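Coordinate analysis (summary)
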Amino acid sequence: MCKYIDINNLSKYRSAIMGLSICMIMFCHGTVNLTGASETVYSILMQFSQIGVDIFLLVSGLGCFYSLSKDNKLLSFYYKRGSRILIPYALVISLWAVLQVLLPVESSLVGFIYRYCLVTFFLRGELSAWYVAAVLVLYAIAPFLYKLIKKGKHYALVMIVLPIIIASVMHYSATVLDVEKIAYALKVVSEIFVIRIPVFVVGMLVGDKIICGNNPKISLKLVVSVFSVFIVLFLLNTLAFPGYKWFFSQWFISRFLYLFISVCVALFAACFFNKFANSKIHSVFLWLGSLTFEIYLIHEKILSATDKYLIGLTGSNIVDSVISNALAIAIAIVCGLLCHKIVEFILSKVKK
């Protein structure tokens, strides 16, 4: 049995790991109607699957460091990263807006603009496009983080600890502020984004370690130990002691724990894909990894439509919800592939 995990595999199998992360994200967005013990298990697994977001941030940080190490020109970096986010986002949102005429799901034009204009995530805590808004901010500060890491690892460690402190202050402020809308925005932004900034920084540190290190490895026993400890803490937070602890919400604590859990899961996934590098399962996740962002943009929207029009169709909420969720995944993957090809075509024309 292997005693060490090769950190290089995080980079080598980055696309496949991203494929795994989108599967987890689609699962955590699921709406299957279950009852009893199965509902509890499903709920716990859905909450755990949110680490798919953290894994994606981890490998995004790794990718940003690689990109900046090859070409640290700001305009070039911002153009490449921005176009990969904004072009598919604009395409999906435009098509979704047109679809509302034929298959109305959103409430109104004003509501549609409110949900998808990005700034409302920071101003009002609107979650419809929170990841897009958040990752654009991370890409904006990535060159700054890159320079700090190059100056010394202690600067990067500060950038891991500082967001946790800022998120905690924001979270506390949300409990004492009288202005409800501002308090809600502070709570949401702190517990879903700011507390996750450290995992992006860790990804950049991993990139630096891989580029500068000589075959960097980490003890498998250490990774298993860390994973086990934080899984237990996650279960205690979720099952044994749910709800607020002091002024920290259950979600805030869980997403703090995800930092450690997601790194461990990414390392396990890298080991798995390395072992089955020539298998079909690796090829599937590798393919899904190339469509990750497009699938993310599409899946929840399609699911809201399939839920609206399919729930109640057979008279069984469980059966209807399973059909709705399975169909939404299938449509999201197909549409994600089409969207990806259109984006690639647009980018090729822009380059010319």
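Higher on the page you've got the structure.
Residues numbered from 1 in each chain as written. Predicted model: local features only at pLDDT ≥ 70, side-chain atom pairs only at ≥ 80, totals over all residues. Heavy atoms only, no water.

A count of helices and strands for the protein chain gives 16 helices and 2 strands. On C-alpha atoms alone, the protein chain measures out to a radius of gyration of 20 Å, which is about the 20 Å that the 2.2 N^0.38 rule sets for 352 residues. Overall, the protein chain is about 60 × 55 × 50 Å in size when its C-alpha atoms are taken along their principal axes. Evaluated residue by residue, the protein chain yields a buried proportion of 49% over its 352 residues. Taking the contacts inside the protein chain whose residues are at least 6 apart along the sequence as the reference set, 78% of them involve residues at least 24 apart. For the protein chain, the exposed surface amounts to about 17400 Å²; the carbon and sulfur share of it is 70%. Of the side-chain charges in the protein chain, 30 are positive and 15 negative, and the distance between the mean point of each set is 13 Å. (Helix = DSSP H or I, 4+ residues; strand = E, 2+ residues; numbered from the N terminus. Rg over C-alpha atoms; globule rule 2.2 N^0.38 Å. Buried < 20%, exposed > 50% of the residue type's maximum accessible area, 1.4 Å probe, protein only. Contact = heavy atoms within 4.5 Å. Areas by Shrake-Rupley, 256 points an atom, 1.4 Å probe, with all protein chains shown as cover. Lys, Arg positive; Asp, Glu negative; His and termini not counted. Charge placed at Lys NZ, Arg CZ, Asp CG, Glu CD.)

Another point: helix H6 (residues 109-116). For the α-helix, the turn length of 3.6 residues means that residues three or four positions removed from each other point alike. When we look at burial in H6, the residues that qualify are Gly-111, Phe-112 and Tyr-116. Projected down its long axis, H6 shows its buried positions confined to an angular sector of 110°, all on one face. Where H6 is buried, its residues touch helix H5 (74-102) and helix H15 (292-310). (Arc of directions from axis to C-beta.)

On to the pattern of salt bridges. Within the structure shown, the criterion is met by 5 salt bridges. Here Asp-54 and Arg-196 are joined by a salt bridge, their closest N and O atoms 3.2 Å apart. Of this pair, Asp-54 sits in helix H4 (residues 51-70) while Arg-196 sits in the loop between helix H10 (180-192) and helix H11 (197-212), and the two are 142 residues apart along the sequence. Arg-196 carries the same exposure label as Asp-54, and that label is buried. Residues Lys-187 and Glu-191 are paired through a salt bridge, measuring 3.1 Å at the closest nitrogen-oxygen approach. Linking Lys-187 with Glu-191, this pair stays in helix H10, spanning 4 residues, or about one helical turn. (Salt bridge = Lys/Arg side-chain N within 4 Å of Asp/Glu carboxyl O.)

Turning our eyes to something else, we now look at the side chain of His-171. Take His-171: it is sitting in helix H9 (residues 153-176). Ignoring sequence-local partners within four residues, the contact set of His-171 consists of Lys-187, Ser-190, Glu-191, Phe-247, Phe-248, Ser-249 and Phe-252.

What follows concerns unusual backbone geometry. With a phi angle near 75°, Leu-118 is a residue other than glycine that sits in the positive phi range. Position of Leu-118 relative to the elements: it lies in the loop between H6 and helix H7 (119-124). The class for Leu-118 is buried, based on a relative accessible area of 17%. For Trp-246, which is not glycine, the phi dihedral falls at a positive 60°. Mapped onto the elements, Trp-246 comes out in the loop between helix H12 (220-240) and helix H13 (250-275).

On to the packing of aromatic side chains. Tallying each qualifying case throughout the model produces 25 aromatic pairs. Through pairs of rings, three or more aromatic residues link up here, namely Phe-56, Phe-121, Phe-122, Trp-130, Tyr-131, Phe-193, Phe-293 and Tyr-296. The aromatic ring of Tyr-139 is capped on one face by Arg-81, whose charged end is 5.4 Å from the ring centroid. (Phe/Tyr/Trp six-rings, centres within 6.5 Å; stacked < 30°, edge-to-face > 60°. Lys NZ or Arg CZ within 6 Å of the ring centre and 35° of its normal.)

Our next topic: a nonpolar patch on the surface. Residues Tyr-79, Ile-342, Phe-345, Ile-346 and Val-350 make up a contiguous nonpolar surface patch of roughly 440 Å² in combined accessible area. Sort the elements by how many residues they give to the nonpolar patch and helix H16 (residues 317-351) lands first, with 4 residues. Along the chain, Ile-342 falls in helix H16. Looking at Ile-342, the relative accessible area reads 38%, which means it is partly exposed. (Patch = residues over 30% accessible without salt bridge, like charges linked within 9 Å, V, L, I, M, F, W, Y side chains within 5 Å.)

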